[in-house]
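Single-letter residue listing:
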Amino acid sequence: MTTMKYILTTAAALTFLLSCNKEKQTAKKITKIFEADYCYKQMMINDSLPPKISYLNTTAFREKIEKENLKPFYTADLNHDGIDDYVVNIQQKKEYRGKEIAINVFPLNRCDGMGNIAIALSQKSGKYRIFNPYKEMNEEPIAAKISPDGKFIHVLRVKYTPSRNVDYKEFYETDILTVKNNVTTEYIKTPQKHTINEVKIELHGQFLMTLDFKEKKMYLDHTRLNKLDAEKTYFKKMSKEDEEQLLMLLNDMDFTNIDNSENTPVKNVGNYFLDINYDQNQNKEIWNYGKNGGLRTMNFYDQIILYIYQFGWTEYEYMND
(Lines give C-alpha, C1' and ligand atoms only; values in the text may rest on other atoms or scores of the structure.)
Protein backbone atom coordinates (compact mmCIF):
# COMPACT_ATOMS: atom_id res chain seq x y z
CA MET A 1 0.00 0.00 0.00
CA THR A 2 2.84 2.36 0.92
CA THR A 3 4.62 1.53 -2.34
CA MET A 4 1.44 2.28 -4.33
CA LYS A 5 1.05 5.67 -2.59
CA TYR A 6 4.69 6.47 -3.38
CA ILE A 7 4.22 5.58 -7.06
CA LEU A 8 1.06 7.70 -7.34
CA THR A 9 2.67 10.64 -5.57
CA THR A 10 5.74 10.44 -7.79
CA ALA A 11 3.60 10.21 -10.94
CA ALA A 12 1.55 13.24 -9.88
CA ALA A 13 4.70 15.23 -9.14
CA LEU A 14 6.23 14.26 -12.49
CA THR A 15 3.03 15.26 -14.35
CA PHE A 16 3.05 18.60 -12.54
CA LEU A 17 6.70 19.25 -13.43
CA LEU A 18 6.11 18.35 -17.09
CA SER A 19 3.10 20.66 -17.17
CA CYS A 20 5.11 23.52 -15.66
CA ASN A 21 7.92 22.95 -18.14
CA LYS A 22 5.47 22.98 -21.07
CA GLU A 23 3.94 26.25 -19.83
CA LYS A 24 7.40 27.82 -19.56
CA GLN A 25 8.25 26.75 -23.11
CA THR A 26 4.95 28.17 -24.39
CA ALA A 27 5.55 31.45 -22.54
CA LYS A 28 9.00 31.69 -24.18
CA LYS A 29 7.47 31.12 -27.60
CA ILE A 30 4.85 33.83 -27.04
CA THR A 31 7.56 36.23 -25.89
CA LYS A 32 9.53 35.49 -29.06
CA ILE A 33 6.40 36.18 -31.18
CA PHE A 34 5.93 39.51 -29.40
CA GLU A 35 9.58 40.50 -29.86
CA ALA A 36 9.29 40.01 -33.63
CA ASP A 37 6.38 42.47 -33.90
CA TYR A 38 6.99 46.22 -34.29
CA CYS A 39 4.24 47.17 -31.84
CA TYR A 40 3.93 44.16 -29.55
CA LYS A 41 7.61 44.15 -28.61
CA GLN A 42 6.59 46.68 -25.94
CA MET A 43 4.13 44.20 -24.40
CA MET A 44 4.54 41.15 -22.16
CA ILE A 45 2.41 38.35 -20.71
CA ASN A 46 0.37 39.57 -17.74
CA ASP A 47 0.86 37.05 -14.95
CA SER A 48 -0.76 39.26 -12.28
CA LEU A 49 -4.46 38.81 -12.98
CA PRO A 50 -7.06 40.20 -12.84
CA PRO A 51 -5.63 43.27 -14.62
CA LYS A 52 -5.61 46.54 -12.71
CA ILE A 53 -8.16 48.96 -14.16
CA SER A 54 -8.41 52.21 -12.20
CA TYR A 55 -12.15 52.83 -12.60
CA LEU A 56 -12.97 49.19 -11.73
CA ASN A 57 -10.75 49.00 -8.67
CA THR A 58 -13.46 47.82 -6.27
CA THR A 59 -13.84 44.78 -4.03
CA ALA A 60 -17.07 43.76 -5.80
CA PHE A 61 -15.38 43.80 -9.20
CA ARG A 62 -12.39 41.76 -7.99
CA GLU A 63 -14.64 39.20 -6.31
CA LYS A 64 -16.65 38.75 -9.52
CA ILE A 65 -13.75 38.54 -11.96
CA GLU A 66 -11.76 36.15 -9.78
CA LYS A 67 -14.50 33.59 -10.46
CA GLU A 68 -13.47 33.66 -14.14
CA ASN A 69 -10.23 31.83 -13.19
CA LEU A 70 -8.25 33.80 -15.74
CA LYS A 71 -4.87 32.53 -16.94
CA PRO A 72 -2.02 34.60 -18.40
CA PHE A 73 -2.39 32.81 -21.76
CA TYR A 74 -4.32 30.06 -23.53
CA THR A 75 -3.39 27.69 -26.35
CA ALA A 76 -5.71 26.28 -29.03
CA ASP A 77 -5.82 25.68 -32.77
CA LEU A 78 -8.24 28.52 -33.49
CA ASN A 79 -7.81 28.69 -37.28
CA HIS A 80 -7.74 24.89 -37.74
CA ASP A 81 -4.37 24.60 -39.46
CA GLY A 82 -2.87 22.10 -37.03
CA ILE A 83 -0.64 24.72 -35.37
CA ASP A 84 -1.12 26.23 -31.92
CA ASP A 85 -2.58 29.74 -31.68
CA TYR A 86 -2.51 31.87 -28.54
CA VAL A 87 -4.89 34.14 -26.63
CA VAL A 88 -2.80 36.24 -24.26
CA ASN A 89 -3.60 38.64 -21.43
CA ILE A 90 -0.95 41.33 -21.71
CA GLN A 91 0.55 44.35 -20.01
CA GLN A 92 3.06 46.95 -21.12
CA LYS A 93 6.71 46.53 -20.19
CA LYS A 94 7.90 49.08 -17.64
CA GLU A 95 10.50 50.58 -19.97
CA TYR A 96 7.81 51.49 -22.53
CA ARG A 97 5.24 53.04 -20.18
CA GLY A 98 4.49 56.65 -21.05
CA LYS A 99 6.12 56.33 -24.48
CA GLU A 100 4.64 56.04 -27.96
CA ILE A 101 5.81 54.05 -30.96
CA ALA A 102 4.36 55.57 -34.11
CA ILE A 103 3.58 54.19 -37.53
CA ASN A 104 2.46 57.17 -39.57
CA VAL A 105 0.94 55.36 -42.55
CA PHE A 106 -2.84 55.39 -43.03
CA PRO A 107 -4.82 53.26 -42.23
CA LEU A 108 -2.47 51.90 -39.52
CA ASN A 109 -2.80 53.55 -36.13
CA ARG A 110 -0.08 54.25 -33.60
CA CYS A 111 1.19 51.44 -31.43
CA ASP A 112 0.02 53.05 -28.21
CA GLY A 113 -3.25 51.88 -26.69
CA MET A 114 -2.59 48.21 -27.36
CA GLY A 115 -5.05 47.15 -24.67
CA ASN A 116 -5.08 44.20 -22.30
CA ILE A 117 -5.40 41.28 -24.73
CA ALA A 118 -3.62 39.89 -27.79
CA ILE A 119 -4.48 37.10 -30.21
CA ALA A 120 -1.65 35.40 -32.09
CA LEU A 121 -2.76 33.40 -35.14
CA SER A 122 -0.40 31.12 -37.07
CA GLN A 123 0.08 31.94 -40.76
CA LYS A 124 1.07 29.92 -43.82
CA SER A 125 4.36 31.85 -43.87
CA GLY A 126 5.30 30.24 -40.56
CA LYS A 127 5.01 33.57 -38.75
CA TYR A 128 2.23 34.78 -36.45
CA ARG A 129 -0.28 37.57 -36.94
CA ILE A 130 -0.73 39.25 -33.57
CA PHE A 131 -3.51 41.74 -32.84
CA ASN A 132 -6.19 43.07 -30.51
CA PRO A 133 -9.48 42.92 -32.47
CA TYR A 134 -10.98 45.76 -30.43
CA LYS A 135 -8.15 48.26 -30.87
CA GLU A 136 -9.82 50.28 -33.65
CA MET A 137 -13.20 50.34 -31.94
CA ASN A 138 -12.41 52.57 -28.96
CA GLU A 139 -13.00 49.50 -26.80
CA GLU A 140 -10.58 48.27 -24.13
CA PRO A 141 -11.30 44.67 -23.14
CA ILE A 142 -10.57 43.69 -19.56
CA ALA A 143 -9.26 40.20 -20.30
CA ALA A 144 -9.74 37.15 -22.52
CA LYS A 145 -9.82 33.38 -22.23
CA ILE A 146 -10.63 30.37 -24.41
CA SER A 147 -13.75 28.25 -23.97
CA PRO A 148 -13.22 24.79 -22.41
CA ASP A 149 -13.71 23.10 -25.81
CA GLY A 150 -11.04 25.36 -27.39
CA LYS A 151 -13.39 26.62 -30.12
CA PHE A 152 -14.24 30.13 -28.97
CA ILE A 153 -12.54 33.18 -27.50
CA HIS A 154 -14.36 34.76 -24.57
CA VAL A 155 -13.59 38.47 -24.23
CA LEU A 156 -14.58 40.33 -21.07
CA ARG A 157 -15.57 43.91 -21.96
CA VAL A 158 -16.60 46.77 -19.72
CA LYS A 159 -20.39 46.98 -19.52
CA TYR A 160 -22.05 50.37 -19.89
CA THR A 161 -25.46 51.69 -18.91
CA PRO A 162 -27.75 53.18 -21.62
CA SER A 163 -26.31 56.61 -20.72
CA ARG A 164 -22.77 55.29 -21.47
CA ASN A 165 -21.63 55.21 -17.85
CA VAL A 166 -19.77 52.20 -16.47
CA ASP A 167 -22.22 49.68 -15.01
CA TYR A 168 -20.99 49.35 -11.43
CA LYS A 169 -23.36 46.48 -10.68
CA GLU A 170 -22.48 44.05 -13.47
CA PHE A 171 -19.08 45.59 -14.40
CA TYR A 172 -18.54 43.60 -17.59
CA GLU A 173 -20.13 41.48 -20.30
CA THR A 174 -18.65 38.67 -22.37
CA ASP A 175 -18.31 38.61 -26.16
CA ILE A 176 -18.01 35.19 -27.77
CA LEU A 177 -15.65 35.32 -30.76
CA THR A 178 -14.71 32.82 -33.40
CA VAL A 179 -11.92 32.80 -35.99
CA LYS A 180 -13.05 32.72 -39.61
CA ASN A 181 -10.92 33.42 -42.69
CA ASN A 182 -8.04 34.38 -40.41
CA VAL A 183 -9.92 37.17 -38.60
CA THR A 184 -11.89 37.23 -35.37
CA THR A 185 -15.59 37.96 -35.44
CA GLU A 186 -18.60 37.68 -33.17
CA TYR A 187 -20.02 34.17 -33.18
CA ILE A 188 -23.35 33.79 -34.97
CA LYS A 189 -24.97 30.38 -35.08
CA THR A 190 -26.80 30.90 -38.39
CA PRO A 191 -26.37 34.26 -40.17
CA GLN A 192 -29.20 35.28 -42.50
CA LYS A 193 -28.24 35.18 -46.18
CA HIS A 194 -29.39 37.89 -48.60
CA THR A 195 -29.01 38.87 -52.24
CA ILE A 196 -26.84 42.00 -52.23
CA ASN A 197 -27.59 44.48 -55.03
CA GLU A 198 -25.49 47.52 -54.20
CA VAL A 199 -23.45 48.84 -51.29
CA LYS A 200 -22.28 52.39 -50.59
CA ILE A 201 -19.44 52.94 -48.11
CA GLU A 202 -18.43 56.41 -47.00
CA LEU A 203 -15.59 57.41 -44.72
CA HIS A 204 -16.10 61.05 -43.83
CA GLY A 205 -13.55 63.25 -45.56
CA GLN A 206 -11.69 60.32 -47.14
CA PHE A 207 -13.70 58.50 -49.80
CA LEU A 208 -17.05 57.29 -51.12
CA MET A 209 -17.12 53.81 -52.67
CA THR A 210 -19.98 52.04 -54.45
CA LEU A 211 -20.07 48.28 -54.98
CA ASP A 212 -22.39 47.43 -57.87
CA PHE A 213 -22.95 43.67 -57.84
CA LYS A 214 -25.11 43.78 -60.97
CA GLU A 215 -22.49 45.53 -63.09
CA LYS A 216 -19.66 43.72 -61.22
CA LYS A 217 -17.85 47.03 -60.71
CA MET A 218 -16.49 49.18 -57.88
CA TYR A 219 -16.75 52.97 -58.13
CA LEU A 220 -14.63 55.42 -56.13
CA ASP A 221 -15.41 59.13 -55.58
CA HIS A 222 -13.99 61.98 -53.50
CA THR A 223 -11.01 59.88 -52.47
CA ARG A 224 -8.11 61.52 -50.67
CA LEU A 225 -6.30 58.20 -50.44
CA ASN A 226 -3.88 56.41 -52.74
CA LYS A 227 -2.88 59.67 -54.51
CA LEU A 228 -6.03 59.64 -56.66
CA ASP A 229 -7.68 62.89 -57.79
CA ALA A 230 -10.51 63.73 -55.37
CA GLU A 231 -12.37 65.57 -58.16
CA LYS A 232 -12.60 62.50 -60.40
CA THR A 233 -14.56 59.24 -60.36
CA TYR A 234 -12.66 55.97 -60.73
CA PHE A 235 -13.77 52.40 -61.28
CA LYS A 236 -12.38 48.90 -61.44
CA LYS A 237 -13.94 45.60 -62.45
CA MET A 238 -14.97 43.28 -59.67
CA SER A 239 -13.32 39.90 -60.17
CA LYS A 240 -15.13 36.71 -59.26
CA GLU A 241 -12.77 36.35 -56.29
CA ASP A 242 -13.53 39.92 -55.16
CA GLU A 243 -17.26 39.34 -55.52
CA GLU A 244 -17.17 36.14 -53.48
CA GLN A 245 -15.02 37.75 -50.77
CA LEU A 246 -17.26 40.81 -50.44
CA LEU A 247 -20.52 38.86 -50.47
CA MET A 248 -19.14 36.49 -47.84
CA LEU A 249 -18.12 39.40 -45.57
CA LEU A 250 -21.49 41.11 -46.02
CA ASN A 251 -23.59 38.03 -45.37
CA ASP A 252 -21.38 36.86 -42.51
CA MET A 253 -21.96 40.30 -41.03
CA ASP A 254 -25.63 39.38 -40.48
CA PHE A 255 -26.22 43.07 -41.16
CA THR A 256 -30.02 43.09 -40.82
CA ASN A 257 -29.59 42.20 -37.14
CA ILE A 258 -27.03 44.90 -36.35
CA ASP A 259 -28.43 47.41 -33.87
CA ASN A 260 -27.61 50.92 -35.12
CA SER A 261 -28.62 52.71 -31.92
CA GLU A 262 -25.05 53.06 -30.63
CA ASN A 263 -22.47 54.48 -32.99
CA THR A 264 -18.89 54.06 -31.86
CA PRO A 265 -16.62 56.43 -33.82
CA VAL A 266 -13.71 54.94 -35.70
CA LYS A 267 -10.58 55.77 -33.71
CA ASN A 268 -8.33 58.47 -35.22
CA VAL A 269 -10.04 58.22 -38.60
CA GLY A 270 -13.58 59.56 -38.84
CA ASN A 271 -17.12 58.29 -39.24
CA TYR A 272 -18.14 55.45 -41.54
CA PHE A 273 -21.54 55.22 -43.18
CA LEU A 274 -22.70 51.96 -44.75
CA ASP A 275 -25.82 51.69 -46.95
CA ILE A 276 -26.70 48.17 -48.13
CA ASN A 277 -29.37 47.60 -50.78
CA TYR A 278 -30.47 43.96 -50.71
CA ASP A 279 -33.15 41.47 -51.80
CA GLN A 280 -36.21 43.31 -53.20
CA ASN A 281 -34.80 46.85 -52.99
CA GLN A 282 -34.60 46.85 -49.20
CA ASN A 283 -32.05 49.04 -47.42
CA LYS A 284 -30.02 48.77 -44.24
CA GLU A 285 -28.01 51.74 -42.97
CA ILE A 286 -25.22 51.36 -40.42
CA TRP A 287 -23.23 54.19 -38.86
CA ASN A 288 -19.71 53.20 -37.93
CA TYR A 289 -19.82 49.76 -36.27
CA GLY A 290 -23.31 49.69 -34.82
CA LYS A 291 -24.02 48.57 -31.27
CA ASN A 292 -23.39 44.88 -31.92
CA GLY A 293 -21.52 43.13 -34.69
CA GLY A 294 -18.66 45.62 -34.48
CA LEU A 295 -15.91 43.20 -35.47
CA ARG A 296 -17.91 42.04 -38.46
CA THR A 297 -18.36 45.56 -39.85
CA MET A 298 -14.73 46.40 -39.04
CA ASN A 299 -13.50 43.40 -41.05
CA PHE A 300 -15.58 44.61 -44.00
CA TYR A 301 -14.22 48.17 -43.76
CA ASP A 302 -10.65 46.84 -43.60
CA GLN A 303 -11.23 44.96 -46.85
CA ILE A 304 -12.56 48.12 -48.53
CA ILE A 305 -9.43 50.04 -47.50
CA LEU A 306 -7.28 47.29 -49.03
CA TYR A 307 -9.15 47.58 -52.35
CA ILE A 308 -8.54 51.34 -52.45
CA TYR A 309 -4.80 50.84 -52.13
CA GLN A 310 -4.69 48.22 -54.89
CA PHE A 311 -3.76 49.09 -58.46
CA GLY A 312 -6.26 48.90 -61.29
CA TRP A 313 -8.41 52.00 -60.75
CA THR A 314 -9.37 53.63 -64.06
CA GLU A 315 -10.74 57.15 -64.52
CA TYR A 316 -14.44 56.98 -65.33
CA GLU A 317 -15.46 58.71 -68.56
CA TYR A 318 -18.93 60.25 -68.29
CA MET A 319 -21.04 59.89 -71.44
CA ASN A 320 -22.59 63.08 -72.85
CA ASP A 321 -26.39 63.02 -73.13
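Up top is the structure these notes are about.
Owing to the predicted nature of the structure, the values given are computational and were not obtained by experimental measurement. (Residues numbered from 1 in each chain as written. Predicted model: local features only at pLDDT ≥ 70, side-chain atom pairs only at ≥ 80, totals over all residues. Heavy atoms only, no water.)

**Student:** Outline helix α3 (residues 240-252), listing residues and values.
**Tutor:** Look at α3: 18 Å from first C-alpha to last across 13 residues, which is about the 18 Å you get at 1.5 Å a residue. What α3 keeps buried is the set Asp-242, Glu-243, Leu-246, Leu-249, Leu-250, Asn-251 and Asp-252. Directly beyond the C-terminal end of α3, a positive phi value near 55 degrees is found at Asp-254. (Helix = DSSP H or I, 4+ residues; strand = E, 2+ residues; numbered from the N terminus. Expected span 1.5 Å × (residues − 1). Buried < 20%, exposed > 50% of the residue type's maximum accessible area, 1.4 Å probe, protein only.)

**Student:** So what's going on with the environment of Tyr-168? Which residues, and what values?
**Tutor:** Along the polypeptide, Tyr-168 turns up in the loop between β7 (153-158) and β8 (172-180). For the pair formed by Tyr-168 and Tyr-55, sequence separation is 113 residues and the distance between their alpha carbons is 9.6 Å. The residues touching Tyr-168, leaving out its near neighbours within four places in the chain, are Tyr-55 and Leu-56. A distance of 3.4 Å separates a polar side-chain atom of Tyr-168 from the backbone oxygen of Tyr-55. (Contact = heavy atoms within 4.5 Å. Polar contact = N/O pair within 3.5 Å; in protein donor to acceptor, adjacent residues only side chain to side chain.)

**Student:** So what about the sheet that holds strand β10 (residues 196-203)? Which residues, and what values?
**Tutor:** On the basis of which strands lie adjacent, the open sheet formed by seven strands has the order β15-β14-β10-β11-β12-β13-β16 and antiparallel pairing. If you trace the sheet from one side to the other, it starts and ends with β15 (282-287) and β16 (314-315), each paired once. With two bridges connecting them, strand β13 (residues 234-237) and β16 associate as antiparallel partners. When the sheet's bridge partners are listed, Phe-235 is paired in β16 with Thr-314. Taken strand by strand, α3 contacts β10, β11 (207-212), β12 (217-221), β13 and β14 (272-278), and its axis lies near 80 degrees from that of β10. (Pairing = 2+ DSSP bridges. Axes fitted to C-alpha atoms, helices over the stretch in contact; angles between N-to-C directions.)

**Student:** An account of the nonpolar core is needed here, citing residue identities and associated values.
**Tutor:** Judged by nonpolar contacts, the single largest core of 63 residues is most densely connected at Ile-201, Phe-207, Leu-211 and Phe-300. When residues of this core are assigned to their parent elements, the largest contribution, eight residues, is made by helix α4 (residues 294-308). With sequence-adjacent residues up to four places away left out, Phe-207 is seen in contact with Ile-201, Glu-202, Leu-220, Asp-221, His-222, Thr-223, Leu-225, Tyr-272, Ile-304, Ile-305 and Ile-308. (Core = buried A, V, L, I, M, F, W, Y, C linked by side-chain atoms within 4.5 Å.)

**Student:** Describe the sheet that holds β7, listing the residues and the values that go with them.
**Tutor:** The strand order across the open sheet formed by four strands is β6-β7-β8-β9, and the pairing between neighbours is antiparallel. Across the chains shown, the open sheet's two edge strands, defined by having one partner strand only, are β6 (143-146) and β9 (183-186). Adjacent strand axes in the sheet meet at a mean angle of 35 degrees, parallel and antiparallel pairs treated alike. As paired elements, β8 and β9 share four bridges and run antiparallel to each other. Bridge pairing links Val-179 to Thr-184 in β9. Strands in contact with α4 are β8 and β9; relative to β9, the strand with the most contacts, it is inclined by about 140 degrees.

Note that all results are geometric; they support no functional claim without further evidence.
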